[in-house]
Amino acid sequence: MPEISSVAVIGAGVMGAAIAAHVANAGVRVLLLDIVKPGSDDRNAIAKEAIERFKKIKPAPLMSARVARLITPGNTEDDFGKLAECDWIVEAVIERLDVKQALYARLAEVRKPGSVVSSNTSTIPLSELMGAMPASLRPDFVITHFFNPPRYMRLLELVTGPETSAQTVEKITVFCDVILGKSVIACRDTPGFIANRIGTYWIQTALVLAMDMGIEIEAADAIMGKPMGFPSTGVFGLMDLVGIDLGPHVNASLARLLPAGDAFHAMNRDIPMIGVMIDQGYTGKKGKGGFYRSGGRGAEKVKETLSLKTAAAGTLEWRPTVRPDLAEVKDAKDDLKKLVGAETAAGRYAWGVLGRVLAYAASLIPEIADDISSVDEAMRLGYTWKYGPFELIDRLGAAWVAERLATLDLAVPPILAALGNGSFYQTEGTNLRQFGSDGQYHAVARPAGVMLLEDVKRGAKPVLTNKSASVWDIGDGVLCFEFHSIMNALDGDTLTLLDKTIALVGKSYQALVIYSENLRAAPGRESFSVGANLGLAQFAANLRMWSKIEGTIKDGQKTYQALRYANFPVVGAPAGRALGGGCEILLHCSAVQAHAETYIGLVECGVGLVPGWGGCASMLARWQTPKEAPKGPMPAVAKVFEMVSTAKVSTSAAEAKELKFLKPDDGITMNRMRVLADAKARALAMVDGYQPPQPVTLQLPGSSGRVGLGMAVAEFRKKGLATAHDVTVSTHLARVLTGGDADIIDQVSETDVMALEREAFMALFRTKESQARIKHTLETGKPLRN
């Protein structure tokens, strides 16, 4: 089958440009076209301006500024013929059927045979798009619905029709899965597809019932957020985030397309408040504010919340935001039924929304998708729900939900009635099975080449385990070391089990993969490991157990060295945050196979410490030993000092390579679901003839180098960019990186640098300023500048 090696995106608006950016993230050349800008001397101005905006957009659409060169700007008049060279053409123009169909007619004349053409529409059915489509284009046309922002949202809804060729479906599915890193969900050609059909109903129901029941915004968001596994923003906060002005357009599209009996219509009321907010510029975070806004000025700035009571009457009034104290929400941490079953205002609101949403989702099978797992995955990945609707029903109990629907005057959907006292998901041995609309259970299939640790663990027992980590046999002589403490923080138990694992693999296995898996985490919130458990360290410091703390530092250094010099390959497989000691583990692996969204950094200076488990020595070696590295000891020292002292964290795996947290030959996997399989394959490929690395020696500048670094720090202090304790921390870090008392002509070993790490770490930990930073970070999750 011909591969997709060149892509074009037509439409350089918010979504079109972001799709082009993500194609470039994958290392694929992309042509970005838009109309000629009226009155501009530059006929490619619109596309060029879109690319230029990438530098300012947060979160960043590009994984590295370097990939922008893969995007070629153009226009639909002068450059339309270039589309004949493209294997996939994405249409992302205005949501007008006539405009799209006119574009498709032009595309049919220039595209090469077999090239895929897709629309990113979320509001126009495939059947309407293909209404006047030339016959030659129809077998190669699909809808590829990306979610915003495309770089971070893993869902892609794929809509095909009866005329779509099997080759087209396979080609676009493989490319979007393996190359772009998307979970491709096959949807039926129905209004809103899967995620927006259910998600829009959820948001609208939460809004309408909050107004009907007199539930204020903060309470509604507290109920509709974490307790149910929905985004922590809640519904009103989510509307602010995505744009309040988007809702009316989506609602209007669904209202036009859905049949008269659909439950959406009962909730699709005209809410004058929304129109007033949009007219006055209160469209959410992109406008002057929304349901929440910042009031006051300077030090007096406070968060304010719109009063629903006055807004319903047509007057927009904001008041200081209050934190609701709802016992039912607290109870829901242990049992969601305690919230949705409570006979209180909060409980009635919770069940009023959730009950309707669960019933609605269940009523749409098999209309919108072939199976329930597709619906659950679409809601997890498209709306960042922790649990999909059928998973939520299982958590509450299907029979309990069915019985409670009567309180809302709702009929029990056929699939829920057929399930009876059962559950939508069940385990049979090591296999996960799902209940189908035919009344039978079927296997939950994974795409070819996907390996999930949750599947490995189902029905299996760990090879080794303790409260902080476990070891699993993933086949072919490879073990997987998994962290499972809070945020995968590292402690003595982690190090002890890692020591045992190294010995076990050396004796009885071929290779080791170090990996953590939390596929339900929201984008940017997953942690490979956030580093050492500072809470335990702070507890030991309060008891003046200095020898205990230093012992943990020594143990970590010893274990990490054993990892580096093991006689078998060790592959780190991070996704999400790999900070501090989590970064240092990766620095000691034979190789790394990282998810594209991996954020790596040595952040210890942020809490008033320095890296203590070999991070300084490893980074000095990486910046000093390459042939292309600048000559002399100072350039590497200055670069590592800059990164470590400022707690620099890569914003992607691609940037981690640029910062040398990853090596040039380390791998990057775009699809989160494929990281473990790719890491295992990498480990097995290294087994034959594997030799551990040789210890490195470093040339460090000694005291003369510290003078230079000290002058730079003093300048930062003079400008008010560094605090007094920043200077103290930087001084200790400078001593480590310059080799302590070593002379510039001395050869310094990594063991020497690690001894300096321990010395600096312990000296800083004893200071009240560093302990204050640690305490503040543990309590707030934010750094303290003292």
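Parameters at a glance
Per chain, residue numbering runs from 1 following the sequence as it is written. Thresholds applied to this predicted model are a pLDDT of at least 70 for local features of residues and 80 or more for the giving and counting of side-chain atom pairs; totals over whole chains, interfaces and linings are not thresholded and use all residues. Side-chain numbers come from the whole structure's heavy atoms, not from hydrogens or water. In this text, helices come from DSSP runs of H or I with a minimum length of four residues, and strands from runs of E with a minimum of two, each type numbered from the N-terminal end. When a residue's accessible area, from a 1.4 Å probe over protein chains only, is under 20% of the maximum for its type it is buried; when over 50% it is exposed; and in between it is partly exposed. Working rule for contacts: check all heavy atoms of both residues, and any pair within 4.5 Å makes them a contact. Computed with the Shrake-Rupley method and a 1.4 Å probe, the accessible areas treat only the protein chains shown as cover for residues. All tallies of charge rest on Lys and Arg as positive and Asp and Glu as negative; His and the ends of each chain are not included. Charge placement uses NZ in Lys and CZ in Arg. For Asp and Glu, CG and CD serve respectively. Excluding any residue in a salt bridge, patches collect residues exceeding 30% relative accessible area, merging like charges within 9 Å and nonpolar Val, Leu, Ile, Met, Phe, Trp and Tyr side chains within 5 Å. Salt bridges, as used here, are contacts in which a Lys or Arg side-chain nitrogen is within 4 Å of a carboxyl oxygen on Asp or Glu. Between any two strands, at least two bridges found by DSSP are needed for them to pair. A fitted line through C-alpha atoms serves as each axis, taken over the contacting stretch for helices, and the angle formed by two N-to-C directions is quoted from 0 to 180°. The definition used for a disulfide is geometric: two cysteine sulfur atoms within 2.5 Å. These descriptions rest on fixed angle ranges, namely under 35 degrees for roughly parallel, over 145 for roughly antiparallel, 65 to 115 for roughly perpendicular, and the rest for oblique. The crossing is said to be left-handed when, going from far helix to near helix, the turn is anticlockwise and less than a right angle, and right-handed when the turn is clockwise. Put simply, a nonpolar core is a bunch of buried Ala, Val, Leu, Ile, Met, Phe, Trp, Tyr and Cys residues held in one set by side-chain atoms that sit within 4.5 Å of each other.

**Points about the overall build of the protein chain**
Part 1 of the reasoning: The helix and strand tally for the protein chain stands at 32 helices and 26 strands.
Part 2 of the reasoning: C-alpha atoms of the protein chain, sized along the principal axes, occupy 80 × 65 × 60 Å.
Part 3 of the reasoning: Looking at the protein chain as a whole, 55% of its 786 residues qualify as buried.
Part 4 of the reasoning: Sequence-distant contacts in the protein chain: of pairs separated by 6 or more residues, those separated by 24 or more amount to 70%.
Part 5 of the reasoning: Looking at the protein chain as shown, the accessible area adds up to about 32,900 Å², and 54% of this sits on carbon and sulfur atoms.
Part 6 of the reasoning: Computing the positive centroid from 86 side-chain charges and the negative centroid from 85, the protein chain places the two 5 Å apart.

**What to know about a nonpolar patch on the surface**
Part 1 of the reasoning: A cluster of nonpolar residues, V174, V178 and I179, forms a patch on the protein surface that exposes about 200 Å² of accessible area.
Part 2 of the reasoning: Following the sequence through the fold, V178 ends up in helix 5 (residues 166-179).

**Notes on unusual backbone geometry**
Part 1 of the reasoning: For the bond running from K58 to P59, omega is -5°, close enough to zero to count as cis.
Part 2 of the reasoning: Looking at the secondary structure, you find P59 in the loop between helix 2 (45-53) and strand 3 (71-75).
Part 3 of the reasoning: Geometrically, the link from I365 to P366 is a cis peptide bond, its omega value of 5° lying close to zero.
Part 4 of the reasoning: Considering the arrangement of structural elements, one finds P366 in the loop between helix 15 (345-363) and helix 16 (372-382).
Part 5 of the reasoning: Positioned with a positive phi, F193 is a non-glycine residue whose angle comes to about 55°.
Part 6 of the reasoning: With respect to the element layout, F193 can be found in the loop between strand 8 (183-187) and helix 6 (195-213).

**Considering the sheet that holds strand 10 (residues 302-306)**
Part 1 of the reasoning: With respect to topology, three strands assemble into an open sheet ordered 9-10-11, the strand pairing being antiparallel. Each edge of the sheet is formed by a strand with only one pairing partner; in this case those strands are strand 9 (292-295) and strand 11 (318-320). Neighbouring strand axes in the sheet, compared pairwise and without regard to direction, differ in orientation by 45° on average.
Part 2 of the reasoning: Across four bridges, strand 9 lies against strand 10 in antiparallel orientation. The residue bridging G295 from the neighbouring strand is V302, located in strand 10.

**Regarding the pattern of salt bridges**
Part 1 of the reasoning: A complete count under the given rule lists 47 salt bridges for this structure.
Part 2 of the reasoning: The partner of E52 in a salt bridge is K55, and the shortest N-O contact between them spans 3.2 Å.
Part 3 of the reasoning: According to the relative accessible area criterion, E52 is partly exposed, its value standing at 41%.
Part 4 of the reasoning: A salt bridge links K82 to D79, with the shortest nitrogen-to-oxygen separation between them at 3.1 Å.
Part 5 of the reasoning: Each of the salt bridges in this network shares a partner with another, and the network as a whole consists of R446, E454, D455 and R458.

**Observations regarding the state of the cysteines**
Part 1 of the reasoning: For the structure shown, the criterion picks out zero disulfides.
Part 2 of the reasoning: Sulfur of C605: no disulfide; nearest cysteine sulfur belongs to C616 and is 7.9 Å away.
Part 3 of the reasoning: The exposure class of C605 is buried, given its relative accessible area of 5%.
Part 4 of the reasoning: According to the relative accessible area criterion, C616 is buried, its value standing at 0%.

**Comments concerning the packing of helix 15 against helix 17 (residues 389-396)**
Part 1 of the reasoning: Orientation of helix 15 relative to helix 17, taken along the N-to-C sense of each, is 120°, at an axis distance of 9 Å. Classified by the interaxial angle, the pair formed by helix 15 and helix 17 is oblique. The two elements helix 15 and helix 17 cross, and the hand of that crossing is left-handed. Contact residues: L354, L358, A361 and A362 in helix 15; P389, F390, L392, I393 and L396 in helix 17.

**Quick look at the side chain of E377**
Part 1 of the reasoning: As for its placement among the helices and strands, E377 is situated in helix 16.
Part 2 of the reasoning: R380 is the oppositely charged side chain nearest to the buried, salt-bridge-free E377, at an N-O distance of 4.8 Å.
Part 3 of the reasoning: In this structure, E377 is in contact with S183, I185, G382 and M673, ignoring residues within four places of it in sequence.

**Notes on the nonpolar core**
Part 1 of the reasoning: If you look at the biggest cluster of nonpolar residues, it comprises 115 residues, and the most contacted ones within it are W202, M273 and F291.
Part 2 of the reasoning: Among the elements that take part in this core, helix 15 stands out by supplying twelve residues, more than any other.
Part 3 of the reasoning: When neighbours within four sequence positions are excluded, W202 is seen to be in contact with M224, F230, P231, V235, L238, V353, V357, Y383 and W385.
Part 4 of the reasoning: Grouped together as the second largest cluster of nonpolar side chains are 76 residues, I553, I585, L609 and V753 included.

**Examining the packing of helix 6 against helix 8 (residues 234-242)**
Part 1 of the reasoning: Relative orientation of the contacting elements helix 6 and helix 8 amounts to 120°, with a least axis distance of 9 Å. Considering their axes alone, helix 6 and helix 8 lie oblique with respect to each other. The handedness of the crossing between helix 6 and helix 8 comes out as left-handed. The segment helix 6 lies against helix 8, with W202, I203, A206, L207 and A210 engaging V235, F236, L238 and M239.

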